[in-house]
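# Report on the structure
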Amino acid sequence: MPTEILMPALSPTMEEGNLAKWLKKEGDAVAPGDVIAEIETDKATMEVEAIDEGKIGRILIGEGTEGVKVNTPIALLLADGESEEDLSKAPVSAPPAAAQAPAEEPAAQKVEETPKPAAVPKAEAPALPADPDIPEGTEMVPTTVREALRDAMAEEMRRDEDVFVMGEEVAEYQGAYKVTQGLLQEFGDKRVVDTPITEHGFAGVGIGAAFAGLKPIVEFMTFNFAMQAMDQLVNSAAKTLYMAGGQMGAPIVFRGPNGAAARVAAQHSQDYAAWYGHIPGLKVVMPYTAADAKGLLKAAIRDPNPVIFLENEILYGQTFDVPQLDDFVLPIGKARIHKAGKDATIVSFGIGMTYAVKAEEELRGMGLDVEIIDLRTIRPMDLDTVIESVKKTNRLVTVEEGFPQSSVGDHIAAQVMQRAFDYLDAPVITVAGKDVPMPYAANLEKLALPSVAEVVEAVKAVTYRG
Amino acid sequence: MATAARKTAPKPSSAKSRSPAKPSSTAGGTPAVRTPKPEEFKQEQELSAYRDMLLIRRFEEKAGQLYGMGLIGGFCHLYIGQEAVVVGMQMALKEGDQVITGYRDHGHMLATGMDPRGVMAELTGRRGGYSKGKGGSMHMFSKEKNFYGGHGIVGAQVPLGTGLALANRYRGNDSVSLTYFGDGAANQGQVYESFNMASLWKLPVVYVIENNRYAMGTSVSRSSAETDFSHRGLSFKIPGIQVDGMDVRAVKAAGDLAVDWCRSGKGPIILEMQTYRYRGHSMSDPAKYRSKDEVQKMRSEHDPIEQVKKRLLDKKWASEDDLKAEDKRVREIVADAADFAQADPEPDVSELYTDILL
Ligand SMILES: Cc1ncc(C[n+]2csc(CCOP(=O)(O)OP(=O)(O)O)c2C)c(N)n1
Ligand SMILES: [Mg+2]
């Protein structure tokens, strides 16, 4: 029976790709290791290698087809001794049955899909309630978070010769997650610098360069690896201004993906918002939308202080409207009311917002009008905006992926208790990741992360619904 | 018939050629050690090397396939091309010696004799995996086989492996710690902190640097000021040698020398294994940083398995049919592991909260 060649998954987050090119045609013989086709994802073009020996019997997905789901049969391979007639015997397999794969869900699908209740009224103002400083009639351009970050760096590098980027694979490879795509080509290898795998060393080198007045953007391939550089970030970057009595500090940005990606297990899945949020002398930014990513990264690069800029791999590919303005800079330290409401407040930031937004939709179906605040900056924290909201709704839920003990939510809860106790009609509920290292197994990983259902339950609890 | 090509290390097609095996410098009083001339294998050794390397190759091909089907998630780093390193080194070990490495670890685990079913089931995140499905491809351990992981942070295993050697010295046993790491990891600061302590305290640790020429997309010449990794221990008085890591006999000979060196109380030693990975860094790496010709040349001229196969056939120690039968047996082991890894259930949800503290 002919063997099906399936559309392969090439990364933890890939769900579909384009079949860019066939390098073999029907009737061609192939051996294991032969490149038979090229496929494209948003990150890269990859080659598909044959695993078995045989002859290409039939090509099922033509060259140029876009959006081919992982595991769709793309060709039929005839083994030695099989002929064209055998092609008809091929099992016409249903495409990528997620049901077959006991992994249950594609890896990237971390956030639970909740069935949309029937008559949910549409929230006014789509994704982004206009920030006050965007002029009426500004064109909004759909942009991925990845592109927004790249654009922010490119714009600031054009504007200021002292800004440069360094990190692992940022230049020739165009970024491990393709965030620095094109920067080497535009700015050259003096300003876009590949480093060896020496986080503690190059973080310190960047800080030293910043002491001398340059404005480095240091990319960590992921923030998990920044733990090797933690001493430099905390002891050198954060404290020097204070220790030097204000004479000298470090105008530097440390950025990169933070938090869990998908199925990358305990050492690669940690959220550091609370860690850096703990340190005086740092600013800590953690955007959700592409517009915030762009406006806040530009602000971070211009900021004379060390800024920790926490991105998220799963958000990189998500698209949001970004205002087309010559110089779109947002204030660090200001929260954004993502959706106004009166019955309860959800405060979140970064990828946590994806749970908040989905939960809000569901709660709207139950007749609850929930306010969502996107904190955007962890330090300095815009508690005023949170407290104003609590004064109106009297109920508060926080959402984040990080560990529960000493979490960002814990800090918010404590502050709200101290500053707005009389306004609270229910104890604050903090939704966070579970108190366990991130497990690899798909089912356990799902349980370890917060879920939309948990957020919905928490809001129901603080509003004393069912 | 050891040809010149086998004795010298494989040469990159584009980058400047490497220095051939030579005695390490005696700068600063570092003891001189020479790359040993590989001895011919006996028939039984050739056959077992063939089998062990083939098992790793077929296992990795299958893992790549299961990844493509979405049955393995996250990062998955294949060992294809580097098989001779772990198989040759394992032949030099004895019971009680320890092994530790990074995230490109499937080959090391199979070489230490860990069960392919348990390894594959860990890759699919199932309860029968070596870490009950909680660790995944990068994090697996076996107390029974003295395999200490399986580490995801580049370079972190180097102090850990040095600590295993400290325990050996402390207990006064004659076990040796094999501490594997990559050319990229060799630039991490903690590597040199470890070298200093290991040399100062004469710890029985063999540092096996698997120089496969790239750390992700960065070639050695773009990341390293000193590209001769056998010299990386000189300022700590640790001798080192360069070894043709594509020739399992050369690896075994160097392994014997290094393990004897440690057992006789002389302290640490470095083996730079000159090897090559055929696949991308991980499954999502398009590998645009090197030419197809470079990969093809290594595959066709230096493949570790083909080298053994050719010797077996030339010496008439095995027929084509014998080797086909061997291949079939290996495929069956791998197929069985893959079946197990798909049929085995996911961990019980109660496992979420176990194994955090004792
Ligand atoms: C501290 C740290 N930085 C970065 C990474 C991401 N990373 C994983 S593997 C790798 C390349 C390592 O190359 P090398 O040591 O040569 O080993 P190889 O992959 O070639 O086996 C990088 C940069 C990491 N895991 N840990
Ligand atoms: Mg390498």
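Since we're looking at a predicted model, the values are computed, not measured. (Residues numbered from 1 in each chain as written. Chains lettered and ligands numbered in written order. Predicted model: local features only at pLDDT ≥ 70, side-chain atom pairs only at ≥ 80, totals over all residues. Heavy atoms only, no water.)

Okay, the overall build of chain A next. A tally of regular secondary structure across chain A gives 13 helices and 22 strands. Relative to its length of 466 residues, chain A is compact, with a C-alpha radius of gyration of 25 Å against a globular reference of 23 Å. Taken along its principal axes, the extent of the C-alpha atoms in chain A is 80 × 60 × 45 Å. Counting the 466 residues in chain A, one finds 59% classified as buried. Within the structure as shown, chain A displays about 18700 Å² of accessible surface, and the carbon and sulfur contribution to it stands at 53%. Looking at chain A, you have 42 positive and 72 negative side-chain charges, and the mean spots of the two groups are 5 Å apart. (Helix = DSSP H or I, 4+ residues; strand = E, 2+ residues; numbered from the N terminus. Rg over C-alpha atoms; globule rule 2.2 N^0.38 Å. Buried < 20%, exposed > 50% of the residue type's maximum accessible area, 1.4 Å probe, protein only. Areas by Shrake-Rupley, 256 points an atom, 1.4 Å probe, with all protein chains shown as cover. Lys, Arg positive; Asp, Glu negative; His and termini not counted. Charge placed at Lys NZ, Arg CZ, Asp CG, Glu CD.)

Time to look at the domain arrangement of chain A. Interfaces are frequently sized by the accessible area removed from exposure as the parts join. All names here are of chain A. Per the domain assignment, the segments making up chain A are domain 1 (3-108), domain 2 (140-323) and domain 3 (336-462). Summarising the inter-unit geometry, the C-alpha centres of domain 2 and domain 3 are found 26 Å apart. Of the residues lining the interface, 30 residues belong to domain 2; the matching set on domain 3 comes to 27 residues. Carbon and sulfur atoms make up 60% of the surface buried where domain 2 meets domain 3, a total of about 2200 Å² over both sides. Its largest share of buried area at the contact with domain 3, domain 2 owes to Arg 263, Met 286 and Tyr 288, together 32% of the area lost on that side. Applying the counting criterion to the domain 2 and domain 3 interface returns two salt bridges. A salt bridge links Arg 376 to Asp 292; the nearest nitrogen and oxygen atoms lie 2.9 Å apart. On the surface where domain 2 and domain 3 come into contact, there are 12 residue pairs in polar contact (both at pLDDT 80 or more). Elements with a contribution of two residues or more to the side of domain 2 that touches domain 3: helix H6 (273-277), strand S14 (283-285), helix H7 (290-302) and helix H8 (313-316). In terms of residue count, H6 provides more of the side of domain 2 that touches domain 3 than any other element does, four residues in total. (Domains from an automatic or database assignment. Contact = heavy atoms within 4.5 Å. Buried area = accessible area lost by both parts, 1.4 Å probe. Salt bridge = Lys/Arg side-chain N within 4 Å of Asp/Glu carboxyl O. Polar contact = N/O pair within 3.5 Å; in protein donor to acceptor, adjacent residues only side chain to side chain.)

Turning to the packing of helix H3 (residues 83-91) of chain B against helix H9 (residues 248-263) of chain B, a few remarks are in order. All names here are of chain B. Running from amino to carboxyl end, H3 crosses H9 at an angle of 40 degrees, the nearest separation of the two axes being 7 Å. Accordingly, the angle class assigned to the pair H3 and H9 is oblique. Note on packing geometry: the crossing formed by H3 with H9 is right-handed. Residues Ala 84, Val 85, Val 87, Gly 88, Met 89 and Met 91 of H3 touch H9, and the partners they reach there are Val 248, Val 251, Lys 252 and Gly 255. Of the residues in the contact of H3 with H9, the class split is seven nonpolar, two polar and one charged. (Axes fitted to C-alpha atoms, helices over the stretch in contact; angles between N-to-C directions. Parallel < 35°, antiparallel > 145°, perpendicular 65-115°, else oblique. Left-handed = near helix turned anticlockwise from the far one by under 90°. Nonpolar A, V, L, I, M, F, W, Y, C, P; charged D, E, K, R; others polar.)

For the rest of this paragraph, the subject is the packing of helix H5 (residues 116-123) of chain B against helix H12 (residues 320-343) of chain B. Residue and element names in this part refer to chain B. Contact geometry of H5 with H12 gives a least axis separation of 8 Å together with a crossing angle of 45 degrees. As judged from the angle between their axes, H5 and H12 are oblique. Once H5 is placed against H12, the crossing between them reads as right-handed. On H12, the residues that touch Pro 116, Arg 117, Met 120 and Ala 121 of H5 are Ile 333, Asp 336, Ala 337, Ala 338, Phe 340 and Ala 341. For the contact of H5 with H12, the residue count by class is eight nonpolar, no polar and two charged.

All names here are of chain A. Spatial strand order, S11-S10-S12-S13-S15-S14-S20: seven strands in an open sheet with mixed pairing. The open sheet has two edge strands, strand S11 (192-194) and strand S20 (377-379), and neither has a second partner. Put simply, the sheet's adjacent strands are angled 20 degrees from each other on average, direction ignored. Sheet topology places S14 next to S20; two bridges connect them, and they run antiparallel. In the strand pairing of S20, Val 284 is matched with Arg 379. (Pairing = 2+ DSSP bridges.)

Turning our attention to the nonpolar core. By size, the foremost hydrophobic cluster in this structure holds 79 residues, and its most contacted members are Leu149(A), Met153(A), Leu183(A), Val192(A), Leu297(A), Phe309(A) and Val459(A). Looking at which domains feed residues into this core, each of domain 2 (140-323) and domain 3 (336-462) of chain A supplies at least three. Setting aside residues up to four positions removed in sequence, Val459(A) forms contacts with Ala344(A), Ile346(A), Leu363(A), Leu368(A), Val370(A) and Val397(A). One finds Leu93(B), Met109(B), Val208(B) and Met273(B) within the second-largest nonpolar core, a separate group that totals 66 residues. (Core = buried A, V, L, I, M, F, W, Y, C linked by side-chain atoms within 4.5 Å.)

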